[in-house]
There are 2 protein chains.
Amino acid sequence: MTVNEASALLKQQDNILIITHKNPDGDTLGCGYALWGALTRLGRRVKVVNSDDIPHKYSYLYSVHDKTAVDFKPEFVIAVDIATPDLVGKPYQELCRNADLCIDHHGTNTMYAKKTVVDAESASCCEIMTRVIDELGVKLDDYIASALYTGLITDTGCFRQRNTTVDSHLLAARLMNTGIDWQELNRIHFEQKSKSRLMLEQLAVANMDFTLDNRVAIITITQDMMKLTGAVPGDVEGITPIARSIEGVEVGVTLRQLESGNWKCSLRTHNVDAAAICAQFGGGGHFGAAGFECSGEPDDIKTMLVNAIKEVLK
Amino acid sequence: MTVNEASALLKQQDNILIITHKNPDGDTLGCGYALWGALTRLGRRVKVVNSDDIPHKYSYLYSVHDKTAVDFKPEFVIAVDIATPDLVGKPYQELCRNADLCIDHHGTNTMYAKKTVVDAESASCCEIMTRVIDELGVKLDDYIASALYTGLITDTGCFRQRNTTVDSHLLAARLMNTGIDWQELNRIHFEQKSKSRLMLEQLAVANMDFTLDNRVAIITITQDMMKLTGAVPGDVEGITPIARSIEGVEVGVTLRQLESGNWKCSLRTHNVDAAAICAQFGGGGHFGAAGFECSGEPDDIKTMLVNAIKEVLK
């Protein structure tokens, strides 16, 4: 379905439920709240739902929504930034599976919804949502533009990541022109770190291993380190890229002990096929970023993994 | 002088020397090499000079220039991204003081050159240089566009910093459209860290002090820590923002021991006037970022500084 068709369909609806994915990030929330803002301006009853607690840093989005929340029986269900219903928390999974419309930017979208708008070329789903809102004829006011900017920066690492496009920059320029406080949004999402996250990062770096002529760096994060610093699982995401970021390192590994005691191994590589290495251990992913889960002693896992990496680096 | 006038003046010149500032950064180098590229395309003899060693990460710029270096007696001298001749290393200071043309984006430019193009609204000097090169009628080829993109991203923190403008994003879109490997440039300048820098960062965070209800965080970097990690002074710059980046911290302080034994104190603040605090100790700067130099024992300096901050936070 095209953006134009989706907007035409949306214009005919009321009592609309917008589903966002679990472990909510800036793009799913930005899409959800931007669309909520646009449809509310058109006088519709709309609600955004998520199965999880939404991190406090998004309060500028959810507090406005929650303040004006209304109860109604949903007649039209929209899934935003959701490639498959499995990515939605249990309470909304069935609703998502039967969604009337899905707006997404994942090439892996399983086309589960009745109608789907998908553009895998878009760095963020918010770039597609901007086109939908334009077609709805709603002006990008401060709230809507802030929501869209949130998805744009969080999914592109504030224009640093490889998925950034010319269109991402053009949208940034347009959103900045609406007068939003983009500096504060950059600060919230890219400058601010929790103390526990910083302390976990410090411990992780202090105990980092280097091997194969410093071409491989390995970070190990145990449950004890998580408890000691008070870090939450979300804090680990920011740590995964550190090992590869060191000059000369071609393969960065992060071994993270899960609550079950199992280990989650994440590889980030530079000019080395991470997915091929992880496939040997039943995992997968992309060329530059892949992972797998396993059990065992961390030293054994490292030895096994380093042997596999050695073959590739030869 | 306007950009058009500067370009008209440049078109009449040959045997051109381009001076860049000491401790060279991406913006002065990006400007210098982009202009070198443009003037060379016009068949002129041009050379870019700097008094310091240029960091290896800029080799994609200087290696092309150095390979085709020619010797000549300069007839026209241009200073780029240089607010005052003091910012140029000794060997070129006198030449800079008598520069024929200065192209700059610092509002503090002392107008030392015979002619000056200054636009303090530009986040990077490379944004002004793009207009100069457009007026020269030279196409933005891969080398020139890569040089301009380098200054654009290094002076805006890759579009994260407050000085970023709508024009910065529009230029990014334009440069990306020329087909440059902007992903690799982002990686070089924003992902890659030296091992020594990362180790210094880790030591600094491990020994951080928190005070005044965690509203103030203090990082101390001694000469011993520098030696232990093999870090160079340039590595410290990236560490200065860390203290303030912690959630809830309003004043982030970095105390750095200089080779002389003196201490350089850098404040980064959030909604607190850093310049006013530093003025009490003979220093200065901007509202959100200021500093001063002093001697004494680190603990005494911290006590003195925390007392001054306490007055402001009240």
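Residues numbered from 1 in each chain as written. Chains lettered and ligands numbered in written order. Predicted model: local features only at pLDDT ≥ 70, side-chain atom pairs only at ≥ 80, totals over all residues. Heavy atoms only, no water.

The number of helices and strands found in chain A is 14 helices and eleven strands. Expected size for 314 residues packed as a compact globule is a radius of gyration near 20 Å; at 21 Å, chain A falls within 12% of this value. The principal-axis extents of the C-alpha atoms in chain A amount to approximately 60 × 35 × 35 Å. Across the 314 residues of chain A, 54% fall into the buried class. By sequence separation, contacts in chain A at least 24 residues apart represent 64% of the contacts at least 6 residues apart. Both charge centroids of chain A, one from 31 positive and one from 41 negative side chains, sit 2 Å from each other. (Helix = DSSP H or I, 4+ residues; strand = E, 2+ residues; numbered from the N terminus. Rg over C-alpha atoms; globule rule 2.2 N^0.38 Å. Buried < 20%, exposed > 50% of the residue type's maximum accessible area, 1.4 Å probe, protein only. Contact = heavy atoms within 4.5 Å. Lys, Arg positive; Asp, Glu negative; His and termini not counted. Charge placed at Lys NZ, Arg CZ, Asp CG, Glu CD.)

What follows deals with helix α2 (residues 26-41) of chain A. Residue and element names in this part refer to chain A. With 16 residues, α2 extends 22 Å from end C-alpha to end C-alpha; this agrees with the ideal 22 Å at 1.5 Å per step. Of all 16 residues in α2, 14 are buried, a share of seventy percent or more. For α2, the capping residue at the N-terminal end is Asp25, with a side-chain oxygen 3.2 Å from the backbone nitrogen of Asp27. Trailing α2 by a residue or two, Gly43 shows a phi angle of about 85°, which is positive. (Expected span 1.5 Å × (residues − 1). Polar contact = N/O pair within 3.5 Å; in protein donor to acceptor, adjacent residues only side chain to side chain.)

Here the two chain copies are tied together by a rotation about an axis and a shift along that axis. Its rotation angle being 180°, the transformation that places chain B on chain A also includes 0.0 Å of axial translation and leaves an RMSD of 0.0 Å. In short, the pair behaves as if placed about a two-fold rotation axis. A shared binding surface is used by both copies, with 100% of the interface residues of chain B retained as interface residues in chain A. (Least-squares fit on C-alpha atoms with pLDDT ≥ 70 in both.)

Turning our eyes to something else, we now look at the packing of helix α1 (residues 3-11) of chain B against helix α5 (residues 125-136) of chain B. All names here are of chain B. Where α1 meets α5, the axes come as close as 9 Å, and the angle between the chain directions of the two elements is 55°. As summarised for this structure, α1 and α5 are arranged oblique, according to the angle between their axes. Two packed elements cross with a definite hand, and for α1 against α5 that hand is right-handed. Residues Val3, Asn4, Ser7, Leu10 and Lys11 of α1 form the contact with α5, whose own contacting residues are Ile128, Arg131, Val132, Glu135 and Leu136. (Axes fitted to C-alpha atoms, helices over the stretch in contact; angles between N-to-C directions. Parallel < 35°, antiparallel > 145°, perpendicular 65-115°, else oblique. Left-handed = near helix turned anticlockwise from the far one by under 90°.)

Before going further, it helps to examine the pattern of salt bridges. Counted under the stated rule, the structure contains 26 salt bridges over all chains. For Asp71 of chain A, the salt bridge identified is with Lys47 of chain A, shortest N-O distance 3.3 Å. In this pair, Asp71 of chain A is assigned in the loop between α3 (59-67) and β3 (76-80) and Lys47 of chain A in strand β2 (residues 46-49), connecting sequence segments 24 residues apart. In this structure, Lys302 of chain B and Asp209 of chain B form a salt bridge, with 2.8 Å as the shortest nitrogen-oxygen distance. (Salt bridge = Lys/Arg side-chain N within 4 Å of Asp/Glu carboxyl O.)

A separate point is the sheet that holds strand β6 (residues 209-211) of chain B. Residue and element names in this part refer to chain B. With respect to topology, six strands assemble into an open sheet ordered β6-β7-β8-β9-β11-β10, the strand pairing being mixed. Of all the strands in the sheet, just β6 and β10 (284-285) have a single pairing partner and so form its edges. For strand β8 (residues 251-257) and strand β9 (residues 263-269), the ladder comprises seven bridges, and the chain directions are antiparallel. Looking across to β9, one finds that Thr254 is bridged to Ser266. Strands in contact with helix α14 (residues 298-313) are β6, β7 (216-221), β8, β9 and β11 (289-294); relative to β8, the strand with the most contacts, it is inclined by about 160°. (Pairing = 2+ DSSP bridges.)

In this complex, chain B contributes 41 residues to the contact, which on the side of chain A involves 41 residues. The junction of chain B with chain A conceals about 3,800 Å² of combined surface from both sides, 61% of it contributed by carbon and sulfur atoms. For chain B, the biggest contributors to the area lost against chain A are Arg160, His169 and Glu191 of chain B; these three give 18% of the whole. Linking chain B with chain A are two salt bridges, by the criterion used here. Two residues, Glu191 of chain A and Arg244 of chain B, come together in a salt bridge whose shortest N-O distance is 3.0 Å. Across the contact surface, chain B and chain A share 15 residue pairs in polar contact (both at pLDDT 80 or more). Breaking the side of chain B that touches chain A down by element, the ones donating at least two residues are α7 (166-177), α8 (182-191), α9 (195-206) and α12 (242-245) of chain B. Partitioned by chemical class, the residues of the side of chain B that touches chain A number 17 nonpolar, 14 polar and ten charged. (Buried area = accessible area lost by both parts, 1.4 Å probe. Nonpolar A, V, L, I, M, F, W, Y, C, P; charged D, E, K, R; others polar.)

Turning next to the packing of aromatic side chains. Following the criterion strictly, the structure yields five aromatic pairs over all chains and no others. Between the aromatic rings of Phe281 of chain A and Phe292 of chain A, the centroid separation amounts to 4.8 Å while the plane-to-plane angle is 25°, which identifies the pairing as stacked. In this pair, Phe281 of chain A sits in the loop between α13 (274-279) and β10 (284-285) while Phe292 of chain A sits in strand β11 (residues 289-294), placing the two residues eleven residues apart along the sequence. A relative accessible area of 5% places Phe292 of chain A in the buried class. In this structure, Lys195 of chain A packs its charged tip against the face of Phe210 of chain B, placed 3.9 Å from the ring centre. (Phe/Tyr/Trp six-rings, centres within 6.5 Å; stacked < 30°, edge-to-face > 60°. Lys NZ or Arg CZ within 6 Å of the ring centre and 35° of its normal.)

Below, the discussion takes up the domain arrangement of chain A. Looking at the assigned domains, one finds that chain A contains domain 1 (3-190) and domain 2 (195-313). Averaged C-alpha coordinates put domain 1 of chain A and domain 2 of chain A at centres separated by 32 Å. (Domains from an automatic or database assignment.)

This next bit is on the packing of helix α3 (residues 59-67) of chain B against helix α6 (residues 142-156) of chain B. All names here are of chain B. Here α3 crosses α6 at 140°, and the two axes come no closer than 10 Å. In terms of their interaxial angle, α3 and α6 are classed as oblique. Crossing geometry of α3 relative to α6 is assigned as left-handed. For the pair α3 and α6, contact is made by Tyr60, Leu61, Val64 and His65 and by Tyr143, Ala147 and Thr150, respectively.

Our next topic: the side chain of Gln202 of chain A. By secondary structure assignment, the location of Gln202 of chain A is in helix α9 (residues 195-206). Its relative accessible area of 11% is what places Gln202 of chain A among the buried residues. Among all residues touching Gln202 of chain A, those that are not within four sequence positions of it are Gln202, Val205 and Ala206 of chain B.

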